[in-house]
Amino acid sequence: MRQKIVAGNWKMNTLIEEGAALAKNIADRINEVPSDVQLILAPPFTHLDRVNGIIKGTAAALSAQNCADKDKGAYTGEVSAAMLASTGCKYVILGHSERREYYHETSATLNDKMALALANGLKPIFCVGEKLEEREAGRHFEVVGAQIREVIFNLSPEQLAQVVIAYEPVWAIGTGKTATSAQAQEIHAFIRKTLAEKYGALSEEISILYGGSCKPSNARELFAQKDIDGGLIGGASLKADDFIAIAQSY
Ligand code: PGA
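Student: Would you mind going over the pairing of strand β6 (residues 164–167) in detail, with residue names and values included?
Tutor: What you see with β6 is no split at all: Val 164 and Ala 166 on one side and Ile 165 and Tyr 167 on the other are buried throughout. The sheet contact formed by strand β5 (residues 123–128) and β6 spans 4 bridges and is parallel. Paired with Ile 125 across the bridge in β6 is Val 164. As paired strands, β6 and strand β7 (residues 208–211) are joined by 3 bridges and run parallel to one another. Bridged to Tyr 167 within β7 is Tyr 210.

In structure tokens:
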């Protein structure tokens with residue numbers, strides 16, 4: 001049985017008091033979420049310790065949105081995987097398309113980040129997804145396949161077992177345009193098949209989340225697909241009602 005996951009990626013939103021209120025609201029209502037769904041909150045770095053204090057002891061888990069590609073030392077402005085683990089993080093989002101696009105993260109950087117996250121006991125939520133022009137050119141399988149091979153294929157089976165994959169078509173992120181459930185299922189199945197090429201039956205154990213304008217009105221249909229094991233939620237994770245409703249969509 002694959003773990004069902006609903007993860008909220010707050011991105012660069014909320015001041016600390018707003019974030020604390022949002023986390024508290026979600027923590028107070030955690031009993032409304034089916035017990036087989038792992039809820040994850042990924043607030044900004046500045047909020048991690050505070051949010052950890054709020055959700056500690058509940059079924060929700062803490063995630064960061066990024067980590068450094070270096071272990072420690074003179075890297076002004078960076079936050080290491082070890083630091084994240086010390087705040088109570090269990091997960092870290094890596095390779096989000098906004099990081100790839102605006103901060104020029106490549107597979108080479110992501111290989112270093114993945115290794116450091118795993119070495120520090122964090123479970124990476126590794127994001128892949130094609131841009132609009134790539135989908136329109138019919139290159140989405142090629143692009144997503146390369147993103148998986150260039151990073152995931154460097155992991156041992158033991159390491160892969162700690163990883164969650166998130167498929168987020170860039171054209172669906174924050175645009176209100178969702179992939180249809182058929183489009184999402186097709187590429188999730190492709191990702192699983194790609195994993196199977198190298199890891200065999202372990203591919204059946206890996207949770208693959210959908211992300212991109214996922215909301216209460218479309219989550220049920222997306223989550224009903226065979227290879228979709230939950231969602232990575234941006235905008236809708238900033239409203240406790242919507243986030244909880246998405247988690248109830250199973
Ligand atoms: P969105 O973002 O739900 O606001 O489209 C998803 C994501 O980028 O993780």
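Student: Pulling in residues and values, what's your account of the site of the ligand?
Tutor: Contacts to the ligand come from 13 residues, most closely from Lys 11, His 96, Glu 168, Gly 174 and Ser 213. Glu 168 places a polar side-chain atom, nitrogen or oxygen, 2.7 Å from an oxygen atom of the ligand. Within the contact set of the ligand, an oxygen atom lies 2.7 Å away from a backbone nitrogen or oxygen of Ser 213. Contact with the protein chains hides 95% of the accessible area of the ligand, taken as 280 Å² for the molecule alone. Class assignment for the residues of the shell around the ligand results in 4 nonpolar, 7 polar and 2 charged.

Student: I'd like a description of the environment of Glu 186, backed by residues and values.
Tutor: Among the secondary structure elements, Glu 186 is positioned in helix α9 (residues 181–199). Glu 186 sits 45 residues away from Phe 141 along the chain, and the two C-alpha atoms are 9.6 Å apart.

Student: Pulling in residues and values, what's your account of the packing of helix α7 (residues 140–151) against α9?
Tutor: With their axes 10 Å apart at the nearest point, α7 and α9 run at an angle of 40° to one another. Classed by the angle they form, the pair α7 and α9 counts as oblique. With respect to the hand of their crossing, α7 and α9 are arranged in right-handed fashion. Judged by residue contacts, His 140, Phe 141, Val 144, Gly 145, Ile 148 and Arg 149 of α7 engage Glu 186, Ile 187, Phe 190, Ile 191, Thr 194, Leu 195 and Glu 197 from α9. In the contact of α7 with α9, the residues fall into 7 nonpolar, 3 polar and 3 charged.

Analysis parameters
- Residues numbered from 1 in each chain as written.
- Predicted model: local features only at pLDDT ≥ 70, side-chain atom pairs only at ≥ 80, totals over all residues.
- Heavy atoms only, no water.
- Buried < 20%, exposed > 50% of the residue type's maximum accessible area, 1.4 Å probe, protein only.
- Helix = DSSP H or I, 4+ residues; strand = E, 2+ residues; numbered from the N terminus.
- Pairing = 2+ DSSP bridges.
- Near = heavy atom within 4 Å.
- Polar contact = N/O pair within 3.5 Å; in protein donor to acceptor, adjacent residues only side chain to side chain.
- Areas by Shrake-Rupley, 256 points an atom, 1.4 Å probe, with all protein chains shown as cover.
- Nonpolar A, V, L, I, M, F, W, Y, C, P; charged D, E, K, R; others polar.
- Axes fitted to C-alpha atoms, helices over the stretch in contact; angles between N-to-C directions.
- Parallel < 35°, antiparallel > 145°, perpendicular 65-115°, else oblique.
- Left-handed = near helix turned anticlockwise from the far one by under 90°.
- Contact = heavy atoms within 4.5 Å.

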